[in-house]
Amino acid sequence: MPPSLPVQDEHSQRDGFGRLARLYRWLEYLTFGPWLALCRNARLRDVSVTAARHALILGDGDGRFLARLLRQNPGLGILSVDSSPAMLDRQSRRAARDGNASRLTIHCEDIRCFTPAADYDLVTTHFCLDCLSTTEIEALARRLRLRMAPGACWIVSDFALPGGAARIPARIVVRSLYLAFRVITGLQTRTLPDHAEALRNAGFVLLDRCTWLAGLLMSERWTTPAGASTKPLTY
Ligand SMILES: C[S@@+](CC[C@H](N)C(=O)[O-])C[C@H]1O[C@@H](n2cnc3c(N)ncnc32)[C@H](O)[C@@H]1O
């Protein structure tokens, strides 16, 4: 969807995701137990994360990941972009509770329109790219690519459709999630985008990939080409 479409209606004004802000954490534990948190936090001790100084966090929801990232990296400053004012409010409160508010800047905008104005060595999108189409992700990735230094890291965690026997149950789970988010938040996306194709087209290189729950959940590390010291991974 081009940035000129009335994204405000879908996200900021109605704040569909904001309806979930208070309960989001508990709904997550109720449906997936500890698995989403495991997937989201899997890279926290990775050197590409611990060495980062300027992070761009997109669609972090209620800010649990962001708060941990700030706690574990005292030299890190974060710009967090989310289209939900209620989610951003929770992010700010969490960071403030830990005394880290000064290192967090929040920005309310649809990431389909967002263009970074500074350089970043770390980008994270946890369970957020699945709200976009492949074309929207590619456009976003091309804009981010211009502000990511060589060797900068982009961590993507999301749902995936594995091959083999696990594919059918995974399809059912993903379909049910899209239906639930459509009803509760008004999300228009109905199928998982091909984020890998989008990132590759924008010039990113996949470094590694971890999966959980028979491939239903994945966490990937992407980088800008100059930082790809190992053979790029494809799947
Ligand atoms: C499913 S929640 C995921 C939250 C969290 N990252 C996690 O790991 O659970 C999606 C988050 O992305 C935000 N979001 C969805 N679509 C967005 C968009 N187009 N622009 C900006 N934020 C968006 C929502 O407000 C919400 O905070």
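This section reports on the structure supplied with the text. Quick caveat, the model's predicted, so the values are computed rather than measured. Within any chain, residue numbers begin from 1 and follow the written order of that chain's sequence. With the structure being a predicted model, the display of local features is reserved for residues of pLDDT at least 70 and the display and counting of side-chain atom pairs for 80 or more, all residues being used for whole-chain, interface and lining totals. Side-chain descriptors were evaluated using all non-hydrogen atoms of the structure, hydrogens and water having been removed beforehand.

### Things to note about the environment of Thr191
Moving on, step 1. Strands here are runs of E lasting at least two residues and helices are runs of H or I lasting at least four, both read from the DSSP assignment and numbered beginning at the N terminus. Its place among the elements puts Thr191 in the loop between helix H8 (167-185) and helix H9 (195-201).
Moving on, step 2. Between the alpha carbons of Thr191 and Ala52 there is a distance of 32 Å; along the sequence they are 139 residues apart.

### What about the site of the ligand?
Moving on, step 1. For this purpose, a residue is taken to be near a molecule or strand whenever a single non-hydrogen atom of the residue falls within 4 Å of it. Every one of the 19 residues lining the ligand counts as a neighbour, but Tyr24, Arg40, Gly59, Asp82 and His126 are closest to it.
Moving on, step 2. Here Arg40 contributes a side-chain N or O atom positioned 2.6 Å from an oxygen atom of the ligand.
Moving on, step 3. N or O atoms closer than or at 3.5 Å make up a polar contact, with two conditions inside protein: a donor-capable atom paired with an acceptor-capable one, and, for residues adjacent in sequence, both atoms drawn from side chains. Gly61 is positioned such that a nitrogen or oxygen atom in its backbone is 3.3 Å from an oxygen atom of the ligand.
Moving on, step 4. Protein coverage of the free-state accessible area of the ligand, which is 590 Å², stands at 98%.
Moving on, step 5. Of the residues that constitute the shell around the ligand, the class distribution is seven nonpolar, six polar and six charged. Accessibility throughout is a Shrake-Rupley quantity obtained with a 1.4 Å probe, and a residue counts as covered only by protein chains that appear here. Throughout, the ten residues Ala, Val, Leu, Ile, Met, Phe, Trp, Tyr, Cys and Pro are labelled nonpolar, Asp, Glu, Lys and Arg are labelled charged, and all others, Gly among them, are labelled polar.

### Description of helix H6 (residues 85-97)
Moving on, step 1. If you check H6, its first and last C-alpha atoms are 18 Å apart, about what 13 residues at 1.5 Å a residue would give, namely 18 Å.
Moving on, step 2. The complete set of buried residues in H6 reads Met87, Leu88, Gln91, Arg94 and Ala95. Seen from one end, H6 has its buried residues packed into an arc of 120°, which puts them on one side. Across from the buried face of H6, at angles greater than 90 degrees, the exposed residues are Arg93 and Arg97.
Moving on, step 3. In what follows, residue pairs with any heavy atoms lying within 4.5 Å of each other are defined as contacts. On its buried side, H6 packs onto helix H2 (24-32), helix H5 (64-72), strand E2 (77-82) and strand E3 (104-108).
Moving on, step 4. Positive backbone phi, approximately 75°, marks Gly99, located one or two places after H6. Residue count minus one, scaled by 1.5 Å, sets the expected span of a helix. In this scheme, a residue with accessible area under 20% of its type's maximum is buried, one over 50% is exposed, and one in between is partly exposed, where area comes from a 1.4 Å probe on protein chains only. What the arc covers is the set of directions going from the helix axis to the C-beta atoms.

### Some thoughts on the pattern of salt bridges
Moving on, step 1. Basic side-chain nitrogens of Lys or Arg form a salt bridge, by our definition, when they fall within 4 Å of a carboxyl oxygen of Asp or Glu. Under the counting rule described, the total for this entry stands at 14 salt bridges.
Moving on, step 2. Arg94 is paired through a salt bridge with Asp62; the nearest N and O atoms lie 3.7 Å apart. Here Arg94 is found in helix H6, whereas its partner Asp62 is found in the loop between strand E1 (54-58) and H5, with 32 residues between them in sequence.
Moving on, step 3. Judged by its relative accessible area of 12%, Arg94 is buried.

The values are spatial; any link to function lies outside them.
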